[in-house]
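# Chains, contacts and geometry: an overview
One-letter residues, chain by chain:
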Amino acid sequence: RLGVVIRFLTLPSPIGPLTIAATDRGLAALYMASEKHGQSASERSTWVRDDTAPGPASPILARCRDQLTAYFQGQLRTFDLPLDPTGTDFQQRVWRELRRIPFGATSTYGALARQLGNPGASRAVGSANGHNPISIVVPCHRVVGSDGSLTGYGGGLERKKWLLAHEARVAGGTLSQFQSA
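Bear in mind the structure is a predicted one, so any value in this text is a computation, not a measurement. (Residues numbered from 1 in each chain as written. Predicted model: local features only at pLDDT ≥ 70, side-chain atom pairs only at ≥ 80, totals over all residues. Heavy atoms only, no water.)

Let us now look at the sheet that holds strand β3 (residues 27–32). Ordered by their spatial adjacency, 4 strands build an open sheet running β3-β2-β1-β4, and the pairing between neighbours is mixed. This sheet does not close on itself; its edge strands, each paired only once, are β3 and β4 (48–49). In this structure, strand β1 (residues 7–11) lies alongside β4, joined through 2 bridges in parallel fashion. Within β4, the residue paired with phenylalanine 8 across the bridge is arginine 49. Packed on one face of the sheet, helix α2 (residues 59–72) meets β1, β2 (18–22) and β3 and runs near 145 degrees to β2. (Pairing = 2+ DSSP bridges. Helix = DSSP H or I, 4+ residues; strand = E, 2+ residues; numbered from the N terminus. Contact = heavy atoms within 4.5 Å. Axes fitted to C-alpha atoms, helices over the stretch in contact; angles between N-to-C directions.)

This is the structure:
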């Protein structure tokens with residue numbers, strides 16, 4: 001993004017350090033350590049650490065930090081943040097659908113493709129899901145295989161399992177009690 005200032009900070013979490021980044025318009029990225037589709041080192045070299053940037057700290061990053069902390073403490077089920085992810089029109093549509101999957105529920109790639117009006121697009125939905133730059137807030141971890149199995153996750157299957165189990169606990173159920181959305 002030429003000319004756009006991207007501020008970032010690192011936040012400790014139960015699933016390891018999280019890097020959150022925002023523009024003036026909204027949250028642009030939330031990456032886990034060693035994430036499969038995270039930003040490259042050259043892309044991140046233009047980012048500015050929020051606590052060393054000139055001017056006031058990013059209010060979006062502060063809100064995101066506070067909401068993530070509440071999420072991990074089991075006190076928040078729905079994020080309320082302005083978002084500014086970079087992606088194709090199709091990816092943006094998939095990411096909007098991901099935000100509709102309720103806390104404590106899961107969906108499948110096929111169900112998302114049908115909701116987008118393109119039942120044959122399961123693989124494209126999977127690719128867009130895998131390139132989601134705002135994990136957790138845009139809950140790509142809530143997408144499972146058609147048989148209910150835990151399928152690939154950019155942050156690793158152990159983190160996906162932890163996030164789903166965390167949401168199940170908070171929602172008062174167990175991982176095996178997830179219902180498809």
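Right, let's talk about unusual backbone geometry for a bit. Leave glycine aside and you will find that most residues have negative phi; peptide bonds, for their part, are mostly trans. One non-glycine residue, isoleucine 136, adopts positive backbone phi at about 70 degrees. Position of isoleucine 136 relative to the elements: it lies in the loop between α5 (122–130) and β6 (143–144). Judged by relative accessible area, which is 1%, isoleucine 136 ranks as buried. (Buried < 20%, exposed > 50% of the residue type's maximum accessible area, 1.4 Å probe, protein only.)

Turning next to the pattern of salt bridges. Across all of its chains, the model carries 4 salt bridges by this definition. A salt bridge links arginine 65 to aspartate 66; the shortest N-O distance between them is 3.4 Å. (Salt bridge = Lys/Arg side-chain N within 4 Å of Asp/Glu carboxyl O.)

This part covers the pairing of β2. The buried fraction of β2 is high, at 5 of 5 residues. By the alternation rule, side chains of β2 split into Leu18, Ile20 and Ala22 and Thr19 and Ala21, which are all buried. Sheet analysis places β1 next to β2, joined by 5 bridges and oriented antiparallel. The partner of threonine 10 across the bridge, within β2, is threonine 19. Note: β2 against β3, 5 bridges, orientation antiparallel. Its bridge partner lying in β3, threonine 19 is registered against tyrosine 31. Between β2 and β3, which pair antiparallel and follow one another directly, the connecting turn spans 4 residues.

Quick look at the side chain of threonine 151 now. Here threonine 151 lies in the loop between β6 and α6 (157–170). Contacts of threonine 151, omitting those with residues within four sequence positions, involve Tyr109, Val143, Val144, Gly145, Leu157 and Lys160.

Along β1, 4 of the 5 residues are buried, which leaves the element largely enclosed by surrounding structure. Linking β1 back to β2 in an antiparallel pair, the connection comprises 6 residues, with glycine 16 at a positive phi of about 105 degrees.

This paragraph deals with the nonpolar core. Among soluble globular proteins, nonpolar side chains are generally buried collectively. Counting residues in each nonpolar core, the largest one holds 40 residues, and the members touching the most others are Leu68, Leu98 and Ile136. Those elements that provide at least two residues to this core are β1, β2, β3, α2, α3 (89–98), α4 (109–115) and α5. Ranked by the residues each element gives to this core, the list is headed by α2, at 7 residues. With sequence-adjacent residues up to four places away left out, leucine 68 is seen in contact with Leu11, Leu18, Ile20, Leu30, Phe79 and Ile136. With 6 residues, the next largest nonpolar core counts Ile6, Phe8, Ala29 and Trp47 among its residues. (Core = buried A, V, L, I, M, F, W, Y, C linked by side-chain atoms within 4.5 Å.)

Inspection of every chain in the model, using the stated rule, returns 5 aromatic pairs. When the ring of phenylalanine 8 is compared with that of tryptophan 47, the centres are 6.0 Å apart and the planes differ by 50 degrees; the resulting orientation is tilted. On the criterion of sequence distance, the pair formed by phenylalanine 8 in strand β1 and tryptophan 47 in the loop between α1 (41–44) and β4 is long-range, its members being 39 residues apart. On the basis of relative accessibility, which here comes to 18%, the residue phenylalanine 8 falls in the buried class. With centroids separated by 6.3 Å and ring planes inclined at 85 degrees, the aromatic side chains of tyrosine 71 and phenylalanine 103 adopt a geometry described as edge-to-face. In this pair, tyrosine 71 is assigned in helix α2 and phenylalanine 103 in the loop between α3 and β5 (105–108), connecting sequence segments 32 residues apart. Each of the two residues, tyrosine 71 as well as phenylalanine 103, counts as buried. These aromatic residues form a ring-pair network of at least three members: Tyr71, Phe72, Phe79, Phe103 and Trp162. The lysine or arginine in question, arginine 169, covers the ring of tryptophan 162, its NZ or CZ lying 5.9 Å from the ring centre. (Phe/Tyr/Trp six-rings, centres within 6.5 Å; stacked < 30°, edge-to-face > 60°. Lys NZ or Arg CZ within 6 Å of the ring centre and 35° of its normal.)

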